Amino acid sequence: MGYSSLRDCIGDLERNGHLVRVKEMIDPDLEMAAVHLRVHEAGGPALLFENVKGCAFPAASNLFGTKERSRFIFRDAIENVKALIRLKSDPSEALRHPFRNWKTGWAALKSFPKKTSALAVLENEIRLHDLPQIRHWPDDGGAFVTLPAVYTEDPEFPGVMHSNLGMYRIQLNGNEYVRDREAGLHYQLHRGIGVHQSKWNAKGLPMKVSVFVGGPPSLTFSAVMPLPEGISEMTFAGVLGNRKIRYGYRDGFCISGDADFVITGEVHPGENKPEGPFGDHFGYYSLTHPFPVMRIHKVWHRKNAIWPFTVVGRPPQEDTSFGWLVHELAGKGIQDEIPGLKQVHAVDAAGVHPLLLATGGERYTPYLKEKRPSELLTIASHILGTGQLSLAKYLFIAEETGEKNPDAENIPVFFQHVLERIDLSRDVHFHTNTSIDTLDYSGDGLNTGSKVVFAACGEKKRTLSSHLLTELPGDFHSARLVFPGVTAISGPRFSSAEKAKQEIAQLCGFLAERKPQTEGLMIIVVCDDSQFTAHDTASWLWVTFTKSNPARDIYGVNDFYENKHWGCRGPLIIDARTKTHHAPPLEKDPTIETRIDRFFVAGGSLHGIA
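Residues numbered from 1 in each chain as written. Predicted model: local features only at pLDDT ≥ 70, side-chain atom pairs only at ≥ 80, totals over all residues. Heavy atoms only, no water.

A. Quick look at the pairing of strand S31 (residues 572–575). Side chains Leu 572 and Ile 574 of S31 all project onto a buried face; the interleaved residues Ile 573 and Asp 575 project onto the opposite face, where all are buried too. Relative to S31, strand S27 (residues 523–527) runs parallel, the two being bridged by four bridges. In the strand pairing of S31, Val 525 is matched with Ile 574. Bridging between strand S28 (residues 554–556) and S31 involves three bridges; their strand directions are antiparallel. What sits directly across from Tyr 555, in S31, is Ile 573. (Buried < 20%, exposed > 50% of the residue type's maximum accessible area, 1.4 Å probe, protein only. Helix = DSSP H or I, 4+ residues; strand = E, 2+ residues; numbered from the N terminus. Pairing = 2+ DSSP bridges.)

Right under this line is the structure:
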């Protein structure tokens, strides 16, 4: 649908049974987020909170809460967008099939942003504290904007066609921010806005920032879509929304004429203030760190504006649907960009960025008697140097042969395929002292940690074991099977890195003397609670890959170094215990959970939904 506004979209969702109105008064401090989480967990509808305490604006959430609803919102544009991205990746497609692709080209031409002086969003001016002050988790440092489209321009190439539109969280209050005059701007170093800020800093000038909130869903989604070079987010929003994005300028700031709210401000060189904590998509709090401060210029809203928001936490959450839609629209875009890559899967249950599963071709050494990973390692290096994929800590990559191809989307089967073929003495490759996700606290510092590549090819080498370790040394106990070849065991409470080395060395030595018991056992995860970790695949993924830093936390039975290469001749051990420097996990507030029951009982707006 070519929605002209967020209200237009909400009306369509309601008419088609995808949205429920919450009529009771609700507190934006923790209650709104708690209701959202409960409804999302139940696979429930989008929500429109009509009566937000202390605020004149209604608020909407869970708009993209399911794959079906996301597809419904963009149902008339998905195929055009997929075709456009395919043409960008392979322009010769247009020459080979001109009649098949003329509609795609025409749709793109019709979708260029339209400059206008009719900017409905400028009808009303307010202050930051007039916006819904939504605090999501009990230890959050303040209220946050969680669905913003943050707009900046390149000082060397001004204008919308070379602009950046990204989704970076905005802290509205708390910490050291001056009320109504300052807001926190959190973004990761590699993002487009970071490139822009570096250029503005080099000129000694402030960077103008416009924050668009609301408007057509295509505008919101475009802020998270990783696009091929040369396609602007503003144009993409037009294609996805079947309607040109309207924009203009006021006081030197770009203004979205379609947004419900626009916040404008400047980021001055060298001006940072503490931002956070914030309950993030890893399932932990991102802690307080200095980030750019935005000096507020103006805050505007259109008539009958609606404030959209989402809540993030341990996956799956609403942003999981964003990830699915990105994959649906991008199709084989990444595969086309990386020669030899057949499939790549950023695993949502592991926090998306920490873990990638991939398949690729292996054609480099057909003359070897025993096939070994070669091209797979080239592909792996390319993956770890590409966009947001570069944030990965763990990359498991397997050969795709055309016969017994592993499916990276089928996680247990993929791991079985890899573990049946990998040579742990040869096929484990570390990248130490490198960058990782800003939100990942398993490393040695902010943005600092390590990566590891596990590459597997050739024929099956072993049968994986489902037997449990009945004997364990010291304070290790409670071995539980995750799936064949992978076991979780509870370890002693982590106290220090030095003590951890001694404890894992004791475990390795013990297992080295009991080789028959470890046959077919490839990975042992040492954790705080093996029952929780082995409960299901999602729990194992979350614990193992969010709580470990590869170079520091991977050990092996009978390990060795040869020409600076590390390997092991027994099971691999991953220390995924909670470390003293880790961020705390997100936990719901029991008092708030009891308080929101009123919405779900008989007579409540959400009765029968969750």
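B. Here's a closer look at the pairing of strand S21 (residues 355–360). The buried count for S21 comes to six of six residues, which makes it a mostly enclosed element. Two elements, S21 and strand S22 (residues 394–399), share six bridges in a ladder whose sense is parallel. Counted as the bridge partner of Leu 356 is Leu 395 from S22.

C. Representation of the environment of Phe 430 within the structure. Structurally, Phe 430 is set in strand S23 (residues 428–435). Classification of Phe 430 as partly exposed rests on a relative accessible area of 27%. Separated by 350 residues in sequence, Phe 430 and Asn 80 have C-alpha atoms that sit 41 Å apart.

D. Highlighting the sheet that holds strand S3 (residues 59–61). Spatially, four strands are ordered S1-S2-S3-S19 in an open sheet, and the strand pairing comes out mixed. Looking at which strands have only one partner, the edges of the open sheet turn out to be strand S1 (19–22) and strand S19 (307–309). Each strand of the sheet is rotated relative to its neighbour by a mean of 25°, with strand direction disregarded. Contacts between helix H1 (residues 6–15) and the sheet are confined to S1, strand S2 (46–49), S3 and S19, with S1 contributing the most and set at about 110° to the helix. Relative to the sheet, helix H2 (residues 31–41) contacts S2, S3 and S19, its axis offset from that of S2 by approximately 155°. (Axes fitted to C-alpha atoms, helices over the stretch in contact; angles between N-to-C directions. Contact = heavy atoms within 4.5 Å.)

E. Structural detail: the nonpolar core. If you look at the biggest cluster of nonpolar residues, it comprises 54 residues, and the most contacted ones within it are Phe 212, Phe 221, Phe 236 and Leu 329. A per-element tally of this core places helix H10 (residues 318–330) first, with six residues. In contact with Phe 221, other than residues within four places in its own chain, are Phe 74, Phe 236, Leu 240, Phe 322, Leu 325, Val 326 and Leu 329. Among the nonpolar cores identified, the runner-up in size contains 52 residues, and Phe 49, Ala 143, Val 267 and Val 299 belong to it. (Core = buried A, V, L, I, M, F, W, Y, C linked by side-chain atoms within 4.5 Å.)

F. Quick peek at the packing of aromatic side chains. Tallied over the entire structure, the rule returns 24 aromatic pairs. For the ring pair Phe 64 and Phe 322, a centre distance of 4.9 Å and an interplane angle of 50° mean the geometry is tilted. On the criterion of sequence distance, the pair formed by Phe 64 in the loop between S3 and helix H3 (67–73) and Phe 322 in helix H10 is long-range, its members being 258 residues apart. Judged on exposure class, the residue Phe 64 and its partner Phe 322 are both buried. Measuring from ring centre to ring centre gives 5.1 Å for Tyr 284 and Trp 542, while their planes differ by 15°; the resulting arrangement is stacked. Of this pair, Tyr 284 sits in the loop between strand S16 (278–279) and strand S17 (285–286) while Trp 542 sits in helix H17 (residues 537–546); the two residues are 258 residues apart in sequence, bridging distant segments of the chain. Judged by its relative accessible area of 8%, Trp 542 is buried. One aromatic cluster is present, built from ring pairs that chain together Tyr 394, Phe 396, Phe 414, Phe 415, Phe 454, Phe 483, Trp 540 and Phe 545. (Phe/Tyr/Trp six-rings, centres within 6.5 Å; stacked < 30°, edge-to-face > 60°.)

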